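Here is what each chain is made of, one letter per residue.
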Amino acid sequence: MELLSLLRGRTFRRGVEAPEYKELTAGQPIRRLPFAPRLVLPLDQHFGDPARALVRKGQEVVRGEPVAEAQGPRSVPIHAPVTGVVEDVELMPTARGPKSRAVILRTAPGDSQAVRWSRPCDPERLGTAELIEAVQRTGLVGQGGAAFPTHLKLSIPDGHAVDTLVVNGCECEPYLTTDHRIMLEQPALVLAGVRLAMQTVGAERTLIGVEDNKPDAIAALRGQIGADEPITVRAVKSKYPQGSEKMLIKTLLGREVPSGGLPFHVGVVVNNAGTLAQLGHLLPRGEGLIERVVTVSGPGVDRPGNYRVPIGTPLRAILEAVGYREDDPSRIILGGPMMGNTVASLDVPITKGVSGLLVMPQAAEEVVASSQPCIRCGRCLEACPVGLNPAELGRLAANRQYQAMEERFNLNDCFECGCCSYVCPSNIPLVQYFRIAKALNRERKS
């Protein structure tokens, strides 16, 4: 039965087929941007507990050196992306709006910016617990946007067993081509990360799901797999949100993660292709996560592309380097257009989980009509990939019945993909309603 599901499982039910807009950057190789003169490293740029600063004002640091330590098992350290001097440790603006504590580094002019701090290790000699500790020391978090600490992803609770590692190479968000270029240009690193992840979680096999609009990446990955390795690259239908964990598991394995459950409940661990490439590079070298690939695109960019950017680089420095010099943050989106967010200031930095930087100038924006009452057309029900009733959830949100949204209509199963808002003819901002409801419910429980 499972084999039949694998053969037929090319996609999932519902979702949307949105325009891709990837042609601006899909053919652009990864290039490095100039180092900014000043970097800002928020201590809470990952899911979980913030890191604790290890440095003080005026201290000199070298590239790769830890500048903040993990504050418990739900935290990761932060490493210096440049050789330079600590300008200060203070509150700084973030993309979310509220200020948070950050280490501010002033880049040393004229330095080669070679990595000068590392603690190499031999992963094959490490047990599971030691591997997880080593992954945590790299400071690695999910590169697809959620910034969930990778060592937690690879930590399987007692009483559960994982038989399959699923690699998310879909990159279904419009405009974004970061993972595409990584799989195409660094397939050996992706596969190195796959083998390390399999070793850590004890998986018997790996399935790599790549959308069928990336045939070159599929071929590149297959060329790095040994004949006797239990690793398979499978083309899946290009559809949004194919890259969601639950959707990809359903597509590749025919398994359904239960409401409120996680992938390990069905014997699976899911990792992003870019995350595994970082794992394959960082773990054997004993280095920390100090840079990532970011797609910079949109109609307002003179030189769109896929750029390797030090963590902490201010958006303003990136935009000036690619040919956008206006000072209007309202037109800038961090992430993709479906799940990304606009920013409050161009001085906020690139953090570990940022995969895209989109510029949507006024001339390219569509005039969006104001919200109208729900006409009960049912389009949001047809689009919701997890089978929720967004229309009813929206009605409850309008009436401030937030607890009922969670208890009776499975609000927490919503992963805010934006399909409902995308198809709504009444322009109701459903996802924003759901985010507010979740936040208020969390506040009520705290």
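Rules used throughout
Residues numbered from 1 in each chain as written. Predicted model: local features only at pLDDT ≥ 70, side-chain atom pairs only at ≥ 80, totals over all residues. Heavy atoms only, no water. Helix = DSSP H or I, 4+ residues; strand = E, 2+ residues; numbered from the N terminus. Rg over C-alpha atoms; globule rule 2.2 N^0.38 Å. Buried < 20%, exposed > 50% of the residue type's maximum accessible area, 1.4 Å probe, protein only. UniProt positions renumbered as here; feature names shortened; annotations may be inferred. Contact = heavy atoms within 4.5 Å. Expected span 1.5 Å × (residues − 1). Arc of directions from axis to C-beta. Axes fitted to C-alpha atoms, helices over the stretch in contact; angles between N-to-C directions. Parallel < 35°, antiparallel > 145°, perpendicular 65-115°, else oblique. Nonpolar A, V, L, I, M, F, W, Y, C, P; charged D, E, K, R; others polar. Phe/Tyr/Trp six-rings, centres within 6.5 Å; stacked < 30°, edge-to-face > 60°. Lys NZ or Arg CZ within 6 Å of the ring centre and 35° of its normal. Pairing = 2+ DSSP bridges. Salt bridge = Lys/Arg side-chain N within 4 Å of Asp/Glu carboxyl O. pLDDT = per-residue confidence, 0-100.

Asks: Can you walk me through the overall build of the protein in this structure?
Replies: Helix and strand counts for the protein come out as 14 helices and 17 strands. Over its C-alpha trace the protein gives a radius of gyration of 21 Å, about what one expects of a compact globule, namely 22 Å for 446 residues. By its C-alpha atoms, the protein is 60 × 55 × 45 Å across when sized along the principal axes. With 446 residues in all, the protein has 53% of them scored as buried.

Asks: Please clarify how the UniProt feature "binding site: [4Fe-4S] cluster 2" (unreviewed entry) in the protein should be interpreted in this entry.
Replies: Here the UniProt feature "binding site: [4Fe-4S] cluster 2" (unreviewed entry) sits at Cys384, Cys414, Cys417 and Cys420. Spatial clustering of the annotated residues is evident: they stretch over 37 residues in sequence, but the largest pairwise C-alpha distance comes to 10.6 Å. Excluding anything up to four places from it in sequence, Cys414 contacts Leu388, Phe434 and Lys438. Mapped onto the secondary structure, Cys417 falls in the loop between helix H12 (402–409) and helix H13 (419–423). Residues contacting Cys417, with those up to four places away along its chain left out, are Tyr240, Pro241, Met338, Met339 and Pro385.

Asks: I'm lost on helix H14 (residues 430–445) in this one. Help?
Replies: An α-helical turn contains 3.6 residues, so a residue and the one three or four places further along point in the same direction. Here H14 spans 23 Å end to end across 16 residues, near enough to the 22 Å set by a 1.5 Å rise per residue. Turning to H14, its buried residues are Leu430, Val431, Phe434, Ala437, Lys438 and Asn441. Burial along H14 is one-sided: seen end-on, the buried residues are contained in an arc of 120°. Check the buried side of H14 and you find it contacts helix H10 (379–383), helix H11 (390–398), H12 and H13.

Asks: What am I meant to see in the packing of helix H5 (residues 187–201) against helix H8 (residues 273–285) here?
Replies: A pair of packed helices can be characterised by two numbers: the angle between their axes and the separation between those axes. With their axes 7 Å apart at the nearest point, H5 and H8 run at an angle of 80° to one another. In terms of axis orientation, H5 runs roughly perpendicular to H8. Where H5 approaches H8, its residues Leu189, Val190, Ala192, Gly193, Val194, Leu196 and Ala197 are matched on the opposing element by Ala273, Leu276, Ala277, Leu279, Gly280, His281, Leu283 and Pro284. The residue makeup of the contact of H5 with H8, split by class, is 12 nonpolar, three polar and no charged.

Asks: It is not clear to me how the packing of aromatic side chains should be interpreted in this structure. Could you clarify?
Replies: The relative placement of two aromatic rings is captured by the distance of their centres and the angle of their planes. By the definition in use, this model includes two aromatic pairs. With 5.0 Å between their ring centres and 15° between their planes, Tyr21 and Tyr175 make a pair best called stacked. On the criterion of sequence distance, the pair formed by Tyr21 in the loop between helix H1 (2–8) and strand E1 (30–32) and Tyr175 in the loop between strand E9 (164–169) and helix H4 (178–185) is long-range, its members being 154 residues apart. Given a relative accessible area of 40%, Tyr21 falls into the partly exposed group. The cationic tip of Lys239 hangs over the ring face of Phe12; the distance from NZ or CZ to the ring centre is 4.4 Å.

Asks: Help me out: how do you make sense of the pairing of strand E12 (residues 268–272) in this one?
Replies: Every other side chain in a regular strand lies on the same face of the sheet, so the side chains alternate between the two faces. Counting buried positions along E12 gives five out of five residues, so the element sits mostly inside the fold. Strand direction decides the pairing type here: E9 and E12, joined by five bridges, are parallel. Across the sheet, residue Val167 finds its bridge partner in E12, namely Asn271.

Asks: Would you explain the sheet that holds E1 in this entry?
Replies: Across the sheet, which stays open at both edges, the six strands sit in the order E1-E14-E13-E17-E15-E16 with mixed pairing between neighbours. At either end of the open sheet lies a strand with only one pairing partner, and these are E1 and strand E16 (341–342). Two strands pair when backbone bridges link them, and strand E15 (residues 332–334) and strand E17 (residues 356–359) are joined in this way by three bridges, in the antiparallel orientation. When the sheet's bridge partners are listed, Ile332 is paired in E17 with Val359. This element, H4, spans E1, strand E13 (291–297) and strand E14 (305–310) of the sheet and lies at about 125° to E13.

Asks: Is there a simple way to think about the environment of Leu396 in this case?
Replies: Assignment of secondary structure puts Leu396 in helix H11. Given the relative accessible area of 0%, Leu396 is considered buried. It is 34 Å that separates the C-alpha atoms of Leu396 and Asn168, two residues lying 228 residues apart in sequence. Contacts of Leu396, omitting those with residues within four sequence positions, involve Gln401, Ala404, Met405 and Phe409.

Asks: Explanation requested: the UniProt feature "binding site: [4Fe-4S] cluster 1" (unreviewed entry) in the protein in the structure shown.
Replies: Under the present numbering, the feature "binding site: [4Fe-4S] cluster 1" (unreviewed entry) in UniProt falls on Cys374, Cys377, Cys380 and Cys424. The greatest C-alpha distance among the residues just named is 10.6 Å, despite their covering 51 residues of sequence, which places them together in space. Here Cys377 is to be found in the loop between E17 and H10. By relative accessible area, Cys377 is classed as partly exposed at 37%.

Asks: Honestly, the pattern of salt bridges in this entry has me stumped. Any pointers?
Replies: Opposite charge on two side chains lets them pair, provided their charged atoms get close. Counting across every chain of the model gives 19 salt bridges. Across the pair Glu291 and Arg32 runs a salt bridge, and its minimum N-O distance is 2.7 Å. Of this pair, Glu291 sits in strand E13 while Arg32 is found in strand E1, placing the two residues 259 residues apart along the sequence. A residue is classified by how much of its surface remains accessible, and Glu291, at 15% relative accessible area, is buried. Taking relative accessible area as the criterion, Arg32 reaches 43% and is therefore assigned partly exposed. The residue Asp163 makes a salt bridge to Arg255 at a minimum N-O spacing of 3.2 Å. Taken together, the residues span a long stretch of sequence, with Asp163 in the loop between helix H3 (150–153) and E9 and Arg255 in the loop between helix H7 (245–253) and E12 at a distance of 92 residues. A relative accessible area of 24% means that Asp163 is categorised as partly exposed. Assessed through its relative accessible area of 15%, Arg255 is described here as buried. Within the structure, one salt-bridge network assembled from shared partners comprises Arg32, Arg63 and Glu291.

Asks: Please explain the confidence of the model for the protein as it appears in this structure.
Replies: Detail in the predicted coordinates should be disregarded across regions flagged by low pLDDT. With 96% of its residues at a pLDDT of 70 or more, the protein has an overall mean of 93. Here residues 1–9 scores under 50 on pLDDT; set against residues more than four positions off or in separate chains, the count is 13 contacts. A low-confidence stretch, residues 363–367 (pLDDT under 50), is modelled with three contacts involving residues beyond four sequence positions or located in other chains.

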